[in-house]
Amino acid sequence: MNRLFISLPFPEEIINYFNNLKKSVTVDSRIKWESNEKLHLTLKFLGDVEENKIDIINRTLNEIVSNSNVFNLTLNKLGFFNKNNYPTILWVNFKESKEIMDLYYNIDNELEKIGFIKENKKFMPHLTLLRIKPYYDINELMRFDEYEIKNLEFGISKVHLMKSELLKSGSVYTKLHEYKLK
C-alpha cells in the first residue's frame, strides 16, 4: 500500500519568500515550520492505495492535467486551522482562482469514477506553513494575525502525484509522477 496525495508544487521564488518569513519570526521549539520539501498545495488526499491502482490514477491525472491550462495564483492572507478552539496549523491561502477550483473539481470527479471517495467538505486551497503542538502559549501565536503577506502572483504549471511515508522522525514525501499543464 502507498499513502498518496495529489499536489501543486511551488516555484522557488515562493519558497524563498517563506524562508525569509521563517528567518524573521522567532518561534518556540514546539512550533514546527514545514520544510521546503513539504511546501505544496494538496489538491486531493487519496490515502492508502494499492500498487495496482497507481497506473489508472496516473492515466486519469495525465488526461485531466494535459487538458488544463497553466494558471496563476496570488498569495492572500495567513490564518489558523483550530482543533477544540486551539490553533494547530498556520496556513496562507490564495486569492480566488477559477482555474484551481476547476482543476480540483475535475480531479475529484474523475477519481470518483475509478473508486475514490468524493470530498464532502468545501475545498480551501492553502499552504501549510507551520504545525503547532498542544499547550503552546496562544498569545504568542496571535502576532501572526498582524503579519501581512505580500500579494505575490506566481505561475502553476505542474501537478504531482506524491507518496507520503510516515516515519518516527516525521513524514517523508516522494514524487511518483509529474504532469504538465498545457
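In what follows, the structure referred to is the one given above.
Residues numbered from 1 in each chain as written. Predicted model: local features only at pLDDT ≥ 70, side-chain atom pairs only at ≥ 80, totals over all residues. Heavy atoms only, no water.

Asker: Tell me about the packing of aromatic side chains, and please be specific about residues and values.
Answerer: In this description, a pair of aromatic rings is defined by centroid distance and the angle of the planes. Within this structure, the stated rule accounts for eight aromatic pairs. With a centroid separation of 5.7 Å and an interplanar angle of 45°, the aromatic rings of Phe 81 and Trp 91 are classed as tilted. Here Phe 81 is found in strand E4 (residues 71-83), whereas its partner Trp 91 is found in strand E5 (residues 86-94), with 10 residues between them in sequence. What makes Phe 81 partly exposed here is its relative accessible area of 30%. Relative accessible area serves as the criterion here: at 9%, Trp 91 is assigned to the buried category. (Phe/Tyr/Trp six-rings, centres within 6.5 Å; stacked < 30°, edge-to-face > 60°. Helix = DSSP H or I, 4+ residues; strand = E, 2+ residues; numbered from the N terminus. Buried < 20%, exposed > 50% of the residue type's maximum accessible area, 1.4 Å probe, protein only.)

Asker: Report on the nonpolar core, specifying residues and quantitative values.
Answerer: Within the largest apolar cluster, 53 residues are counted, with the highest numbers of intra-cluster contacts made by Phe 18 and Leu 43. For this core, the element with the most residues is helix H3 (residues 98-113), which contributes six residues. Look past the residues within four positions of Leu 43 in its chain and what remains in contact with it is Ile 6, Ser 7, Leu 8, Ile 100, Leu 103, Tyr 104, Ile 107, Phe 123 and Val 159. (Core = buried A, V, L, I, M, F, W, Y, C linked by side-chain atoms within 4.5 Å. Contact = heavy atoms within 4.5 Å.)

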